[in-house]
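Residues per chain are reported as follows:
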Amino acid sequence: LDAYEPKTKAAKYPTPGVLARHINRHTKQTPALDLIDQALVQAFNTPDARLIISMPPQEGKSVRVAGDFPVWALMHNPDCRIVTASYGADLATRNGRAIRRRITSNDLGLTIARDNGAVGDWTLDGHQGGVFSIGIGGGVTGRPADMLIIDDPIKSRAEAESSAYRERVWDWWTDEASARLAPGAPVVLIMTRWHTDDLAGRLVERDVEAGWRVLNIPAQCDDPDGDPLGRQLGEFMTSARGRTRQQWELRKSTAGSRTWNALYQGRPA
């Protein structure tokens, strides 16, 4: 009965977004987050799925993918061993703590094991599943991953412009992270695009056989025929932060074309 309880509760939350609204009544659900939810559920249920999500900063993608999604995944499979990675150990640890807090603060049918409950490295009581959080470049030796979530591997333009740092991130992916994936493990990369040669750009160009799916949600529609949200030309996305059209226009003007195209449109050049 105890083993069945999380699955029973999981049925109440068909998407990470539904779970997020249960955990936090202040959660803002937008059409963009609806698309992300659909992509996450599909990736979770597809063996060896490879998913890249890019969206403007501060619009809820990291909270949803690196915070709510791991909890949702563990509710559906308490034995899922999840590795989450971010550009730095501090952010990774913060994500691990946030995931754990969602479990300890809510009645979700999950319990953190008392003998393995560190902030960035914990398992569920009675199950193999849990979360191990590391910074990019951190060792994952001996850590099999049933799911890997990479959240913002690049934190700034300075890092993005550094060929040495981009190579470091790539080496971490090829030499360490990808080697720890269990058969069938999905990988989800979420990031704000900075450079054509960032991790997302390299994966699409070099890891073709893996079949990476790219979900890019630009702040403003510049192609009505291919817009993922079905918007009209020039229409801005519904903002999780409540930005008005005037505020979007101001952000666009302040950012300048290079930053706007990369960070907000997901098309670095």
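Our structure's up above, just so we're on the same page.
Now for a description of the structure that goes with this document. (Residues numbered from 1 in each chain as written. Predicted model: local features only at pLDDT ≥ 70, side-chain atom pairs only at ≥ 80, totals over all residues. Heavy atoms only, no water.)

**A few points about unusual backbone geometry**
Of note, the phi angle at Asp48 is positive, near 60°, even though the residue is not glycine. In the Ramachandran plot, Asp152 falls in the positive-phi region, its phi being about 50° despite a non-glycine side chain.

**Overview of the packing of aromatic side chains**
Inclusion rule: Stacked, tilted and edge-to-face are the three classes applied to pairs of Phe, Tyr and Trp rings, where Trp contributes its six-membered ring and a pair requires centres within 6.5 Å; stacked means planes under 30 degrees apart, edge-to-face means over 60, and tilted covers the rest. Helix and strand definitions follow DSSP, with helices as H or I runs of at least four residues and strands as E runs of at least two, each counted in order from the N terminus. Only protein chains enter the accessibility calculation, which uses a 1.4 Å probe. A residue is then buried if its area is under 20% of the maximum for its type, exposed if over 50%, and partly exposed in between.
One pass over the structure, following the stated rule, counts eight aromatic pairs. Summarising the aromatic geometry, the rings of Trp173 and Trp212 are spaced 5.9 Å apart at their centres and angled 65° between planes, so their arrangement reads as edge-to-face. Of this pair, Trp173 sits in helix 7 (residues 163-177) while Trp212 sits in the loop between helix 8 (199-206) and strand 8 (213-216), and the two are 39 residues apart along the sequence. Trp212 matches Trp173 in its accessibility class, with the two residues each being buried. Ring centres of Trp260 and Tyr264 lie 4.9 Å apart, and the angle between their planes is 10°; on these two criteria the pair is classed as stacked.

**A short note on the pairing of strand 5 (residues 130-135)**
To keep things clear, this is the line we draw: By this definition, two strands are paired if DSSP reports at least two bridges between them.
Taking burial as the measure, the six residues of strand 5 include six buried ones, the bulk of the element. Summarising the sheet, strand 2 (residues 81-86) and strand 5 pair through six bridges and their orientation is parallel. By the bridge assignment, Thr84 is partnered in strand 5 with Ser133. The pairing of strand 4 (residues 121-124) with strand 5 spans three bridges and is classified as antiparallel. Bridging from a neighbouring strand, Trp122 pairs with Val131 of strand 5. The loop that links strand 4 with its antiparallel partner strand 5 comprises five residues; one of these, Gly126, has a positive phi angle of about 80°.

**Focus on the side chain of Arg193**
As a reminder of what qualifies: Here a polar contact is taken to be a pair of N or O atoms separated by no more than 3.5 Å, where protein atoms must pair a possible hydrogen donor with a possible acceptor and residues adjacent in sequence count only if both atoms sit in side chains. Two residues form a contact once any of their heavy atoms are found within 4.5 Å.
In this fold, Arg193 is placed in the loop between strand 7 (187-191) and helix 8. Within polar-contact distance, the side chain of Arg193 engages the backbone oxygen of His195 at 3.1 Å. Side-chain polar atoms of Arg193 contact the side chain of Asp198, separated by 2.7 Å. If we ignore the near neighbours within four places in the chain, the residues touching Arg193 are Ser54, Asp198, Ala200, Gly201, Ala262, Leu263, Gly266 and Pro268.

**Considering the nonpolar core**
Our working rule: Definition used in this section: a nonpolar core is a set of buried Ala, Val, Leu, Ile, Met, Phe, Trp, Tyr and Cys residues joined via side-chain atoms within 4.5 Å.
One finds Ile36, Ile53, Leu74 and Trp173 to be the most contacted residues of the largest nonpolar core, which totals 76 residues. Considering each element in turn, this core owes the most residues, nine residues, to helix 3 (residues 31-44). For Ile36, the contacting residues outside a window of four places in its chain are Ile53, Met55, Lys61, Arg64, Val65, Leu215 and Ile217.

**Details of helix 2 (residues 16-23)**
Our working rule: Arc definition: it is the arc formed by the directions from the helix axis to the C-beta atoms.
Turning to helix 2, its buried residues are Pro16, Gly17, Leu19 and Ala20. Taken end-on, helix 2 shows its buried residues confined to a sector of 160°, consistent with a single buried face. Looking at the buried positions of helix 2, the neighbouring elements they touch are helix 3 and helix 4 (61-76).

On their own, these measurements won't tell you what the molecule is for.
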